[in-house]
Amino acid sequence: PQTNIKRLLAYSSVAQVGYMLIGFVSWDILGLRGILVYLVAYLVMNIGAFMVAILVSNALGSDEIKDYAGLYKRSLGASLLMAFFLLSLAGIPPTVGFIAKFYIFGAAIKTGYLWLAIVGVLNSVVSLYYYYRIVHQMFFCEPKSETKLAVNPIAVVVLAGCIILVIGLCLLPQGLMDAADWGARLQMP
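Not measured: the values here are computed from a predicted model. (Residues numbered from 1 in each chain as written. Predicted model: local features only at pLDDT ≥ 70, side-chain atom pairs only at ≥ 80, totals over all residues. Heavy atoms only, no water.)

1. Digging into helix α2 (residues 29–60)
Then, in step 1: With 32 residues, α2 should cover 46 Å at 1.5 Å per step; its first-to-last C-alpha distance of 46 Å lies within 8% of that length.
Then, in step 2: Gly61 lies just past α2 and shows a positive phi near 70°. (Helix = DSSP H or I, 4+ residues; strand = E, 2+ residues; numbered from the N terminus. Expected span 1.5 Å × (residues − 1).)

2. What to know about the nonpolar core
Then, in step 1: Among the nonpolar cores identified, the biggest contains 59 residues, and Ile5, Tyr68, Met82, Phe85, Leu86, Ile134 and Met138 are the most heavily contacted of them.
Then, in step 2: Where this core is concerned, the elements lending two or more residues are α1 (5–26), α2, α4 (76–90), α5 (96–110), α6 (114–140), α7 (153–171) and α8 (174–187).
Then, in step 3: If one sorts the elements of this core by residue count, α2 sits on top with 15 residues.
Then, in step 4: Setting aside chain neighbours within four positions, we find Ile134 in contact with Ile5, Leu8, Ile65, Tyr68, Met82 and Leu86. (Core = buried A, V, L, I, M, F, W, Y, C linked by side-chain atoms within 4.5 Å. Buried < 20%, exposed > 50% of the residue type's maximum accessible area, 1.4 Å probe, protein only. Contact = heavy atoms within 4.5 Å.)

3. Some details on the packing of aromatic side chains
Then, in step 1: Under the criterion given, the structure shown has six aromatic pairs.
Then, in step 2: A centroid spacing of 6.1 Å and a plane angle of 45° characterise the contact between Tyr19 and Tyr38, whose relative ring orientation is tilted. With Tyr19 in helix α1 and Tyr38 in helix α2, this residue pair connects regions lying 19 residues apart in the sequence. The pair Tyr19 / Tyr38 is uniform in exposure class, with both members buried.
Then, in step 3: Ring plane angle 25° and centroid distance 5.9 Å describe the contact between Tyr72 and Phe139, whose orientation is recorded as stacked. Linking Tyr72 in helix α3 (residues 71–74) with Phe139 in helix α6, this pair joins segments that are 67 residues apart in sequence. (Phe/Tyr/Trp six-rings, centres within 6.5 Å; stacked < 30°, edge-to-face > 60°.)

4. Describing the layout of surface pockets
Then, in step 1: The computed volume of the largest pocket comes to approximately 220 Å³.
Then, in step 2: If you trace the largest pocket, you find it lined by Gln2, Leu8, Tyr11, Ser12, Ala15, Gln16, Tyr19, Asn123, Val126, Ser127, Tyr130 and Tyr131.
Then, in step 3: Counting residues per element, the lining of the largest pocket draws most heavily on α1, which supplies six residues.
Then, in step 4: Residues belonging to the lining of the largest pocket are distributed by class as follows: seven nonpolar, five polar and no charged.
Then, in step 5: One number sums up the size of the second largest pocket: a volume of about 190 Å³.
Then, in step 6: Looking at the second largest pocket, the residues that line it are Ala90, Gly91, Ile92, Phe98, Lys101, Phe102, Phe105, Gly106, Val121, Ser124, Val125 and Leu128.
Then, in step 7: Elements represented by at least two residues in the lining of the second largest pocket include exactly α5 and α6. (1 Å grid on protein atoms, 1.4 Å probe; cavity = no way out; pocket = protein on both sides within 12 Å on 5 of 7 lines; lining within 4 Å. Points joined across faces, edges and corners; volume = space filled by probe spheres on them. Nonpolar A, V, L, I, M, F, W, Y, C, P; charged D, E, K, R; others polar.)

This is the structure in structure tokens:
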């Protein structure tokens, strides 16, 4: 198992790109729309997760998951944000990650690739284990350090924007859907 959070997030990126590739299999409007929605969702979720990882790394001088132990006692906000971004990466509602996976898996099912959608869903379930390890460290383990996270204003703005988009694009997805439809129609004859 991976013990470095940045590497874990990078390996997670491979799986996220794999989900996007499911949209290419269908190669119709729904699949292309799913890819475009997923690209936006992935961008926001990953920027948020990596921003928290950078804040922790800068404060502790470590990227090890074990050093996230008791993070909620040192920075409840960073812990909640990281947990939420990880839930979104796993595709749990009410996040944009759920909407993105819904469209990707829906495109696979619509074009006769039910087995591929099932594999994608099972992979998402497996990813919960890896993400849960981080959440478990943050909320259920005792801290090894009392070092507080220093948050700079740029990080606050970036994280606020990411969390607003992760929730907002799920609750009010029509603008994103319209833009994705427009982009998908540009590619289809």
